[in-house]
There are 2 protein chains.
Amino acid sequence: MSHATPDTATPGAISPGTTNRVHLDNGGRAPWHPLARQAFEQAVADGWADPRRLHAEGRRAARLLDGAREAVAAVLGARAQEVHFTPGHTASLHAAVASASAARRRAGSAILTSAVERSALLNAARVAGRQSTVPVDRLGRVDAEAMNAAVRVPGAALVALQHANGEVGTVQPVEAVHDAARAAGVPLLVDAGASVGHVAVPDTWDLLAADPADWGGPAGVGVLAVRQRVRTAPVGPEDEDPWAPGGVSVPLAFAAAVALQAVEADRVAQEARRRELVEHVRAQVSRIPDVEVVGDPDGRLPHVATFSFLYVDGEALVTELDRNGFAVGSGSACTASTLEPSHVLAAMGVLTHGNVRIALDRGTTADEVDRFCAVLPGAVARVREMLAVGGL
Amino acid sequence: MSHATPDTATPGAISPGTTNRVHLDNGGRAPWHPLARQAFEQAVADGWADPRRLHAEGRRAARLLDGAREAVAAVLGARAQEVHFTPGHTASLHAAVASASAARRRAGSAILTSAVERSALLNAARVAGRQSTVPVDRLGRVDAEAMNAAVRVPGAALVALQHANGEVGTVQPVEAVHDAARAAGVPLLVDAGASVGHVAVPDTWDLLAADPADWGGPAGVGVLAVRQRVRTAPVGPEDEDPWAPGGVSVPLAFAAAVALQAVEADRVAQEARRRELVEHVRAQVSRIPDVEVVGDPDGRLPHVATFSFLYVDGEALVTELDRNGFAVGSGSACTASTLEPSHVLAAMGVLTHGNVRIALDRGTTADEVDRFCAVLPGAVARVREMLAVGGL
């Protein structure tokens, strides 16, 4: 079995060469916030028991879980009992779409989404009802008028609109859409998986999904907030714990909440700092020949920047940058392994190939960003050269 | 927000009074093995990235995940590519039942289960097909002949039989049922969630679910092994990662694998040691008046003991023992919060109320067991007295 042994004794053997690496692929999966690691350790020691049990250890785990729920609720502008932990962001979106639309089957089966929602949400909508997609403009911003008109047509079970697009950074008009949805009596699901912890989140939602792994908390746990006024229907085989069948990991939920409190504590400062860095990158990159700097220049996430290069293969550029010590994302965040053309970029009508996305972590420095800006033009040129000589 | 702050600075404020506590409720949720904590820390540092990404950080996370898969496969007698990580044991059972039965819809819709399977499995079977339940005897052992006869009737999509019952400890005849299932061409799903890490697990299965939280690994991750020969059908909205939509937490999977290797390393010694302690408890408890010592005296898990007391309320007894420093389970492990009568005990035809279950951890000492045996008779007497005087 020795060949299959995860090597715990010598961590160094598993993680060589991290020195001087610049990791700019922090969207959806960021390094843990140090306080989250500390909180997790504490909760593993104190909150490992099943919080549904009656004994002292179970009650202590339940208290940790309640504290986590209250902390997240305070940030989201929700009541504690409206906040639920799930197995992850994908699970949150699946369950929210399925449950909220099933509860309104009598009103209709249409599920209205923007064209640039996360794949998990679009897939859930496709399965749960009659999916109806509202287009976006070239900046990735949904046509609020078209969405609001669609909401007013009878037969809508649910509207889903992301707070901001994690791939290109564009912020969506959720307030306007929520107004129209409320007037029509249709619940609005807001995917805030790319924005919570980075910008202020509006309270104009009926259901809201947020992603701890995106804000420096752990993967393996998600957050779904459901206003008490929203009707939901059971989905899946379990009546108990409908949002997390079998229960949730208390240490993960606790670490997620502590990380959220920690990033909220200096969010405004971090937002300004990272916005400045991103604007610098966008300006620098726009000087590279044959590039499209993607997404809304103003109404955008402070930490995300996306570019599409003509005459460049996205995978080759990611690999070339990786060789030079820079980790970046490419294509669609949801299908990074396959590098299929991103449905987001396609819906925006921008170049879908030769795409690179960076998402700055709270720890990303100006120096790292400068080094990236210095290396990128050469990397693009080399990949173009390889492509030109048929080397790819 | 201060009132909602999870208190990371002073862990002691959250976990008072753990001194001298004896925790005997380790079935399904045991304290983490120390090596699992160490492995988790390492993997948070080295494997926090998305393992589907192309860059060095992503590839390193993917390697940790592959190592975890190989380590679990070696213990289960499976190939690495047959082992999948899921969001948890309930998710494993739901997905296995739904997927394996959907793939055989042409053969039939009957899903055969024992009457004492976990609620999550019974619920999944109820939703996925035409559930058919095979009875158990008074020891909780399924009637293998009846199950095999049912398998031979055309129309069976899937048979599900636990390796051992986590509530009463009885080991099931999975080998015999697998022989009949193979002959009939029906896949056998084995729920080994209460046995892996405690006893040797047979390789007579087509799908097998195991629970890291039960063997000293983390909650929030599950294991589902599916033999390559078994046909499965996609369930849920996602084509990618069908067993863990959105992907799994690499640190959780890694910690689960390290914990499994650690407990396997001294499993035989721990099995003998805990079996002796459990036999001692069962003998001692049988001397208390009006008690039924539940489950198979011979073919049983080494660490689980269950008793039902006449003239006792289960919740009151759990609370009385908790007051005396002992944490135990009661009723059905799956519905401990509601203390509904256990469907397992009901199916066995034994007393469903006044029930107490203990599950010994690897760290449980003979002294702790002795203290439990010394305290239990008095606790039972006090609860009976309260009940008699109408104090409850």
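Residues numbered from 1 in each chain as written. Chains lettered and ligands numbered in written order. Predicted model: local features only at pLDDT ≥ 70, side-chain atom pairs only at ≥ 80, totals over all residues. Heavy atoms only, no water.

(A) Quick peek at the overall build of chain A. Check the secondary structure of chain A and you find twelve helices and twelve strands. Overall, chain A is about 65 × 60 × 45 Å in size when its C-alpha atoms are taken along their principal axes. When contacts within chain A are restricted to residue pairs at least 6 apart in sequence, those whose partners lie at least 24 apart make up 72%. Put simply, chain A has 36 plus and 44 minus side-chain charges, and the middle of one group is 4 Å from the middle of the other. (Helix = DSSP H or I, 4+ residues; strand = E, 2+ residues; numbered from the N terminus. Contact = heavy atoms within 4.5 Å. Lys, Arg positive; Asp, Glu negative; His and termini not counted. Charge placed at Lys NZ, Arg CZ, Asp CG, Glu CD.)

(B) Structural detail: the pairing of strand 3 (residues 110–114) of chain A. Residue and element names in this part refer to chain A. With five of five residues buried, strand 3 is to be regarded as a mostly interior element. Covered by surrounding structure in strand 3 are Ala110, Leu112 and Ser114 together with Ile111 and Thr113, the residues of both alternating faces. Where strand 3 and strand 4 (residues 130–134) come together, five bridges link them in parallel fashion. In the sheet register, Leu112 faces strand 4, and the bridge partner there is Ser132. Once the chain exits strand 3 it traverses helix 5 (residues 119–128) before rejoining the sheet at strand 4, and the crossover so formed is right-handed. (Buried < 20%, exposed > 50% of the residue type's maximum accessible area, 1.4 Å probe, protein only. Pairing = 2+ DSSP bridges. Right-handed = clockwise from strand over helix to strand, strands pointing away.)

(C) Region of the structure containing the sheet that holds strand 6 (residues 188–191) of chain B. Residue and element names in this part refer to chain B. Here we have seven strands laid out as an open sheet, ordered 2-8-7-6-5-3-4, and mixed in their pairing. Edge strands, defined here as strands with exactly one partner in the open sheet, are strand 2 (83–86) and strand 4 (130–134). The mean inter-strand angle of the sheet, taken between neighbouring strand axes irrespective of direction, is 20°. Of the strand pairs in this sheet, strand 2 and strand 8 (residues 222–226) are connected by four bridges, and their pairing is antiparallel. The residue bridging Phe85 from the neighbouring strand is Val223, located in strand 8. The strands touched by helix 4 (residues 89–102) are strand 2, strand 3 (110–114), strand 5 (156–162), strand 6, strand 7 (207–210) and strand 8; relative to strand 7, the strand with the most contacts, the crossing angle is about 165°. (Axes fitted to C-alpha atoms, helices over the stretch in contact; angles between N-to-C directions.)

(D) Geometry of the packing of aromatic side chains. For the coordinates displayed, the defined rule picks out nine aromatic pairs over all chains. Each ring, one from Phe40 of chain A and one from Phe40 of chain B, has its centre 4.3 Å from the other, and the planes form 5°; the classification is stacked. With Phe40 of chain A in helix 2 (residues 34–46) and Phe40 of chain B in helix 2 (residues 34–46), the pair connects residues from two separate chains. The burial state of Phe40 of chain A is the same as that of Phe40 of chain B; both residues are buried. (Phe/Tyr/Trp six-rings, centres within 6.5 Å; stacked < 30°, edge-to-face > 60°.)

(E) Region of interest: the domain arrangement of chain A. Residue and element names in this part refer to chain A. Domain boundaries in chain A define domain 1 (18–32 + 267–388) and domain 2 (34–264). Taking only C-alpha atoms, the centre of domain 1 and the centre of domain 2 are 27 Å apart. At the interface, 37 residues of domain 1 touch 42 residues of domain 2. Both faces considered, domain 1 and domain 2 share a buried interface measuring about 3,000 Å² in area, 55% of it formed by carbon and sulfur atoms. Contact with domain 2 buries surface across domain 1, with Trp32, Arg267 and Leu301 losing the most and accounting together for 30% of the total. In this assembly, domain 1 and domain 2 are joined by two salt bridges. The partner of Arg138 in a salt bridge is Glu292, and the shortest N-O contact between them spans 2.7 Å. Between domain 1 and domain 2 we count 18 residue pairs in polar contact (both at pLDDT 80 or more) in total. (Domains from an automatic or database assignment. Buried area = accessible area lost by both parts, 1.4 Å probe. Salt bridge = Lys/Arg side-chain N within 4 Å of Asp/Glu carboxyl O. Polar contact = N/O pair within 3.5 Å; in protein donor to acceptor, adjacent residues only side chain to side chain.)

(F) Representation of helix 9 (residues 267–285) of chain B. Residues and elements named next belong to chain B. Taking 1.5 Å of rise per residue, 19 residues should cover 27 Å, and helix 9 covers 26 Å from first to last C-alpha, within 8% of that figure. For helix 9, the full list of buried residues reads Arg267, Gln270, Glu271, Arg274, Leu277, Val278, Val281, Arg282 and Val285. For helix 9, the angular spread of buried residues about the axis comes to 140°, placing them on one side. Exposed residues pointing more than 90 degrees away from the buried face of helix 9 are listed as Val268, Ala269 and Glu276. Contacts made by the buried residues of helix 9 are with helix 8 (250–265), strand 9 (291–294), strand 10 (304–309), strand 12 (355–359) and helix 12 (366–388). (Expected span 1.5 Å × (residues − 1). Arc of directions from axis to C-beta.)

(G) Expanded view of the pattern of salt bridges. Residue and element names in this part refer to chain A. The tally for this structure, following the rule as stated, stands at 42 salt bridges over all chains. Between Arg53 and Asp50 there is a salt bridge whose closest N-O contact spans 3.9 Å. As far as burial versus exposure is concerned, Arg53 and Asp50 are alike and both buried. Residues Glu271 and Arg267 are paired through a salt bridge, measuring 3.5 Å at the closest nitrogen-oxygen approach. Of the two residues, Glu271 and Arg267 are both situated in helix 9 (residues 267–285); the distance of four residues between them amounts to about one turn of the helix. Both residues of the pair, Glu271 and Arg267, count as buried.

(H) Examining the confidence of the model for chain A more closely. Residue and element names in this part refer to chain A. Here chain A averages 92 in pLDDT, while 92% of its residues score no lower than 70. Under a pLDDT of 50 for its full length, residues 1–18 has, in the predicted model, 34 contacts with residues more than four places off or in other chains. Every residue in residues 332–337 is under pLDDT 50, and counting partners more than four places away or in other chains gives 16 contacts. (pLDDT = per-residue confidence, 0-100.)

(I) Examining helix 5 of chain A more closely. Residue and element names in this part refer to chain A. With seven of ten residues buried, helix 5 is to be regarded as a mostly interior element. Residues of helix 5 that are buried: Ser119, Ala120, Leu121, Leu122, Asn123, Ala124 and Ala125. Those residues of helix 5 that are buried lie in contact with helix 4 (89–102), strand 3, strand 4, strand 5 (156–162), strand 6 (188–191) and helix 11 (343–348).

(J) Focus on the packing of helix 3 (residues 56–76) of chain A against helix 8 (residues 250–265) of chain A. Residues and elements named next belong to chain A. Their axes nearest at 9 Å, the elements helix 3 and helix 8 cross at an angle of 30°. Handedness of the crossing formed by helix 3 with helix 8: left-handed. Taken together, the residues of helix 8 that come into contact with helix 3 (itself represented by Ala61, Leu64, Leu65, Ala68, Ala71, Val72 and Val75) are Val250, Ala253, Phe254, Ala257, Leu260, Gln261 and Glu264. Residue classes in the contact of helix 3 with helix 8 are distributed as twelve nonpolar, one polar and one charged. (Left-handed = near helix turned anticlockwise from the far one by under 90°. Nonpolar A, V, L, I, M, F, W, Y, C, P; charged D, E, K, R; others polar.)

(K) A look at the pairing of strand 7 (residues 207–210) of chain A. All names here are of chain A. Both faces of strand 7 are covered, namely the face carrying Leu207 and Ala209 and the face carrying Leu208 and Ala210. Note that strand 6 and strand 7 share three bridges and pair parallel. Its bridge partner lying in strand 7, Leu189 is registered against Leu207. Two elements, strand 7 and strand 8 (residues 222–226), share four bridges in a ladder whose sense is antiparallel. Paired with Leu207 across the bridge in strand 8 is Val226.

(L) Local environment of the sheet that holds strand 12 of chain B. Residue and element names in this part refer to chain B. In space, the three strands of this open sheet follow the order 9-10-12, with antiparallel pairing throughout. In this open sheet, the two edge strands, each paired with only one partner strand, are strand 9 and strand 12. Across the sheet, the axes of successive neighbouring strands diverge by a mean angle of 20°, strand direction being ignored. Looking at chain direction, strand 10 and strand 12 are connected through five bridges and run antiparallel. The residue of strand 12 that forms the bridge with Thr306 is Arg357. Helix 9 contacts strand 9, strand 10 and strand 12 of the sheet and is inclined by roughly 10° relative to strand 10.

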